[in-house]
Each structure stands twice: as C-alpha cells, then as structure tokens.
Amino acid sequence: MEKQNLDTAIFAGGCFWCTEAIFKNLKGVEEILPGYTAGKIQKPTYEQVCQGDTGHAEAVKIKFNPNEVNYIELLEIFFSTHNPTTLNRQGEDVGTQYRSEIFYLDEQQKNIAQEYMDILTQEKVFPEPIVTQLSKASTFYVAEDYHKNYFELKGGQNPYCQMVVKPKVEKFLTKYANKLK
C-alpha cells in the first residue's frame, strides 16, 4: 500500500503510552507516533513537557488507511478509552499535558469531530460534560525514541504501565476484538 493513501489523525487523551498502546492494535492503523503538540516552545523534551508549563499536550499522530478504519471509528475508540470529562487530567496524571484534545487537520475532520461530540453530549453518554478541546493541528514534535512502543517494550517492568496502561489495553482488546490487526 502506498503511503499517500493514508490519512492522519492527532489525538491527546492523557499519557501517550496508553493512547499509542491502544491504537497500534487497531486494524487499518499503519503508523502511530507519540509526541507533543500545541505548545509554545519548539522541539520540547519529555522532561520539559512533564513540568507542565510548555503548553504542549502528550499526543499521538495516527497514520491510517481510511479503507480499513475511518475517522469516526477512531473518534469512537478515542472517546471510549479515556475520560473526556476531566480537565487537564487522566486518573492520577494531572497537568495540561494530559488534557483531552482533538487536533483536526482540515475542516472535514473538524466538522466530524464536533458533530460526534455533540451527539455524545445530546445522548448523555458521559455523566459529566465533555471538556475535550477541538483545535487546529499545529506542529507535531515526535517524542524521543524511547517512548515509541513503550508499553510493548518496557511495560512489563514499569509499575505505571502495569497499573494504568495494561487495564486500558485489555479493556480495548476485549471491547474491540473485531477491529484488531
């Protein structure tokens, strides 16, 4: 398959180790990169972003084949695998870098994401209001190499991964078994 047939989605749903570990298992996802976006400094490091004052979100850039998985399906998984009702936090991870945000690349993505959030709100899918931000994509800085495939490569030794990432991935694998690679 040629790379030009791929679409891109960028999501921030808390820790990028969790988000990457979930989406990389999805049929149609050809590449996923953890990184940082929407901040005020160029080429941030993980340590800088963790301090919480760069404005960057931990995010993932997903390259996907729209013939196998579409943007709405990605949104469904995004909203079902993190808490979109907590501002600047996912569980015990607190700070603006852990916010829930969708970074759209064009007006079509913006409209689809807004409509999807409106439906979730109207149907009261979540007990609290959705605080997910919807923003135009800006420069995406790929995270340091040691973050790529982090859960797969280091999750077994990392207590955070065992307590936080593993249960999310297991829930995803069960709920979306028919959409796995």
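What counts and how
Residues numbered from 1 in each chain as written. Predicted model: local features only at pLDDT ≥ 70, side-chain atom pairs only at ≥ 80, totals over all residues. Heavy atoms only, no water. Helix = DSSP H or I, 4+ residues; strand = E, 2+ residues; numbered from the N terminus. Axes fitted to C-alpha atoms, helices over the stretch in contact; angles between N-to-C directions. Parallel < 35°, antiparallel > 145°, perpendicular 65-115°, else oblique. Left-handed = near helix turned anticlockwise from the far one by under 90°. Contact = heavy atoms within 4.5 Å.

Draft legend 1. Highlighting unusual backbone geometry. Positive phi is not limited to glycine here, since lysine 43 has a value of about 50 degrees. Note that lysine 43 resides in the loop between strand 2 (29-37) and helix 2 (46-50). Although it is not a glycine, asparagine 149 sits at a positive phi angle of roughly 55 degrees. As for its position among the elements, asparagine 149 is in the loop between strand 8 (140-142) and helix 5 (150-154).

Draft legend 2. Layout of the packing of helix 1 (residues 16-23) against helix 6 (residues 159-175). For the pair helix 1 and helix 6, the least separation of the axes is 9 Å and the interaxial angle reads 30 degrees. It follows from the interaxial angle that helix 1 and helix 6 lie roughly parallel. For the crossing formed where helix 1 meets helix 6, the hand is right-handed. Taking contact as the criterion, the partners of Trp17, Cys18, Ala21 and Ile22 in helix 1 are, on helix 6, Tyr160, Cys161, Val164, Val165, Lys168, Val169 and Phe172.

Draft legend 3. Quick peek at the environment of phenylalanine 151. Here phenylalanine 151 shows up in helix 5. Taking C-alpha positions, phenylalanine 151 is 17 Å from glutamine 90, a pair spaced 61 residues apart along the chain. Beyond its immediate sequence surroundings of up to four residues, phenylalanine 151 is in contact with Ala21, Gly156, Cys161, Val165, Lys166 and Val169.

Taken by themselves, the reported measurements are silent on function.
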